[in-house]
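What the coordinates show
Next come the chains, spelled out residue by residue.
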Amino acid sequence: MFSVVNPMKLHYAYQVLQMSTVKEQLIEKLIEDDKNSQCKITIVGTGAVGMACAISILLKDLADELALVDVASDKLKGEMMDLQHGSLFFSTSKITSGKDYSVSANSRIVIVTAGARQQEGETRLDLVQRNVTIMKSIIPAIVHYSPDCKILVVSNPDSARFRYLIGEKLGVHSTSCHGWIIGEHGDSSVPLWSGVNVAGVALKTLDPKLGTDSDKEHWENIHKQVIQSAYEIIKLKGYTSWAIGLSVMDLVGSILKNLRRVHPVSTMVKGLYGIKEEIFLSIPCVLGRNGVSDVVKINLNSEEEALFKKSAETLWNIQKDLVF
Amino acid sequence: MSWTVPLVRASQRVSSVGANFLCLKMALCPRQAARIPLKGAWRFTSVSKMATVKSELIERFTSEEPVHHSKVSIIGTGSVGMACAISILLKGLIDELALVDLDEGKLKGETMDLQHGSSFTKMPNIVCSKDYFVTANSNLVIITAGARQEKGETRLNLVQRNVALFKLMISNIVQHSPHCKLIIVSNPVDILSYVAWKLSAFPKNRVIGSGCNLDTARFRFLIGQKLGIHSESCHGWILGEHGDSSVPVWSGVNIAGVPLKDLNSDIGTDKDPEQWKNVHEEVIATAYEIIKMKGYTSWAIGLSVADLTESILKNLRRTHPVSTIIKGLYGIDEEVFLSIPCILGENGITHLIKIKLTPEEEARLKKSAKTLWEIQKELKI
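Reference entry: report on the structure contained in this document. (Residues numbered from 1 in each chain as written. Chains lettered and ligands numbered in written order. Predicted model: local features only at pLDDT ≥ 70, side-chain atom pairs only at ≥ 80, totals over all residues. Heavy atoms only, no water.)

Below, the discussion takes up the overall build of chain A. Across its full length, chain A holds ten helices and 13 strands. Expected size for 324 residues packed as a compact globule is a radius of gyration near 20 Å; at 26 Å, chain A overshoots this value by more than 25%. Scored against the burial criterion, the 324 residues of chain A give a buried share of 50%. Across chain A, contacts joining residues at least 24 apart in sequence account for 67% of those joining residues at least 6 apart. For chain A, the accessible area works out to roughly 16000 Å², and carbon and sulfur atoms hold 55% of it. Charged side chains of chain A number 35 positive and 36 negative; the gap between the two group centres comes to 2 Å. (Helix = DSSP H or I, 4+ residues; strand = E, 2+ residues; numbered from the N terminus. Rg over C-alpha atoms; globule rule 2.2 N^0.38 Å. Buried < 20%, exposed > 50% of the residue type's maximum accessible area, 1.4 Å probe, protein only. Contact = heavy atoms within 4.5 Å. Areas by Shrake-Rupley, 256 points an atom, 1.4 Å probe, with all protein chains shown as cover. Lys, Arg positive; Asp, Glu negative; His and termini not counted. Charge placed at Lys NZ, Arg CZ, Asp CG, Glu CD.)

Pasting the structure below:
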């Protein structure tokens, strides 16, 4: 049959067969792929903290797209590829990366982990000016590409550590030990001993001296340990990552699923507890789709309120000198 | 929650040494009754007023000790070990995790970091020690310890550096968990799986090399990228020697049961106009590429090991391409480990899938076996 066909036509038919790829033969397209993600998360900074956030978020199936941004392009690409190669084991189908913030466009949440690393012995406040400069290159770009996003600025999880250590002391899992640390994250944070309870039983009713210097069991050491742990872990392994990554995953879960759980996160507290300055301190906040939608009004005793105000003052003293 | 003091070595499942401290005149500091800090010293207080917040709050109900069913130990807290740890924790597969490393500072730091995240993983029992007794009664022991593959270094060059380490590790592991399954991740994985098997004298079902599990995951990811389909729906197997000489079994590559070979008979060969063999070449190259860019690989291998862990601990009986003793199959006479599809369950590798290979694929496996044996026979085990 082919012998009577025009050789040019035969050549054309051969070319057509040649060009039909395996994909074309296998798959028939019905409709264009919807490229808009519903639940995109961007992580700025692919250091230990950023990547701990990334792996936790991936394993909890919180996002359908994950974008990574960093200034170090090799590290960035390497981390992205390493995550992509694990795609078989999780359900986030799109993982992208880039130095340019355009890759972060349309994010629901942007997690900022980038920043100068806390050196051994360096207080958190010492880091500030170094980090302001870094933030100046990050925040406007994020806002430009995802004007409706929630921005999560990351730090060590004090309350989680507090609850873990209380749990260790009592032999009860941390999720059943309730305790809050508010105020400035770090050295001058305020542990709310009156609120510490298990199954609604306030520990302070069992031991009124709880958390004070005259407490025979020295519960106040737990708070000291919380502050010290970050420095200790940094000394031992060089940085902290897992606990932060996991706590960020917890916050992201509350936001994306509009859980409206209460978390001790840092928010603008001007107007509360007699604070007049524009500063951010941790208080129990309700987290949902709109970010921090409500705050819980805790009753602070006079000592706690004084400590809280002192935190505010300390922060304001630094903030007012910052060069933007 | 660390049971890492010598006191407990005698019996792994004893809590307050059978004593009710509240009855003793001279008691141990109540704060330390239930858990002993890593470096803690025993302190004594007189018992005149023993009421602690704990004793006021909580009444002990049973003296029965919890028996841990799903304990996993990870040897090596480098990037790979920690990636395995976090993946296993987040998948909620276990009730106790033990970490072992020579670098005590790093080990303690990593353990504390994980412990502080325990409210989010719902897994409090994370212990660590330089001493292997902490791994006692493990269901599964994952060995990631070993020298890291240097930039440009082939996996085979790592061998001699790692055998010495293994001699120490394996004897300790076996002593404390004589019935465990071993997953070997350290490279070169096929040789070190053989070494582990020889040193442990375990039956072959309980020594599993992570082998081509990761190569296959990468392969499926890349096929998925090419076709615009999630890797889970793209089936394909890479077998044989993990790394440069791995064998992609093109005849098995399929989507929804449609073999790609039926659509393109030249697939995987040099004649293939679409050059699908580049996909396999990319699988090999990307490992080196990632090492060049970020210094090491961690996430993908951690996730793939967690996947194997899940199959074993939950007795899923899924098939995985893992490294096992292959002598007697495909005309191979040497005592070597290579990856073939295995059924993984609570007894480790319980069955093998008798996959049909082309003569060319079989030849490649045989060649790998020879190469591995050349090295293995020089090893002093």
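Further notes follow.
Glancing now at the overall build of chain B. Helix and strand content of chain B: twelve helices and 16 strands. For chain B, contacts bridging at least 24 residues in sequence account for 68% of all contacts bridging at least 6. If you sum the accessible surface of chain B, you get close to 16100 Å²; carbon and sulfur atoms cover 53% of it.

Residue and element names in this part refer to chain B. In the structure shown here, the tally under the stated rule is zero disulfides over all chains. In this structure Cys-342 is not part of a disulfide, and its nearest cysteine sulfur, from Cys-212, lies 11 Å away. Judged by its relative accessible area of 0%, Cys-342 falls in the buried class. (Disulfide = S-S within 2.5 Å.)

Spatial ordering of the open sheet is given by S9-S12-S13 (chain B), a layout of three strands whose pairing is antiparallel. Pairing within the sheet leaves two strands with one partner each, and these edge strands are strand S9 (234-235) and strand S13 (258-259) of chain B. (Pairing = 2+ DSSP bridges.)

Moving on, we get to the nonpolar core. Judged by nonpolar contacts, the single largest core of 139 residues is most densely connected at A:Leu83, A:Ile111, A:Val252, B:Leu97, B:Leu114, B:Ile143 and B:Leu182. Ignoring sequence-local partners within four residues, the contact set of B:Leu97 consists of B:Val72, B:Ile74, B:Ala85, B:Leu89, B:Leu114, B:Met123, B:Asn125, B:Ile126 and B:Val127. Within the second largest apolar cluster, 18 residues are counted, among which are B:Phe221, B:Ile255, B:Leu260 and B:Trp276. (Core = buried A, V, L, I, M, F, W, Y, C linked by side-chain atoms within 4.5 Å.)

On the surface, A:Val143, A:Ile151 and A:Val153 cluster together into a nonpolar patch covering about 230 Å² of accessible area. The topology assignment puts A:Val153 in strand S5 (residues 150-153). (Patch = residues over 30% accessible without salt bridge, like charges linked within 9 Å, V, L, I, M, F, W, Y side chains within 5 Å. Salt bridge = Lys/Arg side-chain N within 4 Å of Asp/Glu carboxyl O.)

All names here are of chain B. Compared with an ideal rise of 1.5 Å per residue, which puts twelve residues at 16 Å, helix H3 (residues 79-90) spans 16 Å between its outermost C-alpha atoms and is within 8% of the ideal. With ten of twelve residues buried, H3 is to be regarded as a mostly interior element. Listed in full, the buried residues belonging to H3 are Gly-81, Met-82, Ala-83, Cys-84, Ala-85, Ile-86, Ser-87, Ile-88, Leu-89 and Leu-90. (Expected span 1.5 Å × (residues − 1).)

What follows is about the packing of aromatic side chains. Applying the stated criterion across every chain yields a total of seven aromatic pairs over all chains. Where A:Trp242 meets B:Trp299, the ring centres are 6.2 Å apart and the plane angle is 85°; that geometry is what we call edge-to-face. Of the two residues, A:Trp242 sits in helix H9 (residues 242-256) while B:Trp299 sits in helix H11 (residues 299-313), which places them in two different chains. The exposure class of B:Trp299 is buried, given its relative accessible area of 7%. Members of the aromatic cluster, joined through ring pairs, are B:Tyr194, B:Trp197, B:Phe337 and B:Trp373. One residue, B:Lys226, lies across the ring of B:Trp276, its end atom 5.0 Å from the ring centre. (Phe/Tyr/Trp six-rings, centres within 6.5 Å; stacked < 30°, edge-to-face > 60°. Lys NZ or Arg CZ within 6 Å of the ring centre and 35° of its normal.)

This part is about the environment of B:Thr121. The residue B:Thr121 is located in helix H5 (residues 118-121) in this model. The class of B:Thr121 is buried, set by a relative accessible area of 8%. As for B:Thr121 and B:Leu89, which are separated by 32 residues in sequence, their C-alpha atoms are 6.2 Å apart. Ignoring any residue separated from it by four or fewer positions in sequence, one finds B:Thr121 in contact with A:Leu246, B:Leu89 and B:Leu90.

Quick look at the interface of chain B and chain A now. In this assembly, 64 residues from chain B lie in contact with 60 residues from chain A. Across the chain B to chain A interface the summed buried area is about 6000 Å²; carbon plus sulfur atoms make up 69%. Among the residues of chain B in contact with chain A, B:His116, B:Phe120 and B:Trp299 are the three that bury the most area, contributing 14% of the side total. Linking chain B with chain A are six salt bridges, by the criterion used here. Summed over the shared surface of chain B and chain A, the number is 21 residue pairs in polar contact (both at pLDDT 80 or more). (Buried area = accessible area lost by both parts, 1.4 Å probe. Polar contact = N/O pair within 3.5 Å; in protein donor to acceptor, adjacent residues only side chain to side chain.)

Turning next to the sheet that holds strand S10 (residues 201-202) of chain A. Residue and element names in this part refer to chain A. Across the sheet, which stays open at both edges, the three strands sit in the order S6-S9-S10 with antiparallel pairing between neighbours. Each edge of the open sheet is held by one strand with a lone partner, namely strand S6 (177-178) and S10. Strand direction decides the pairing type here: strand S9 (residues 197-198) and S10, joined by two bridges, are antiparallel. Considered in S10, the bridge of Val-198 is made with Val-201.

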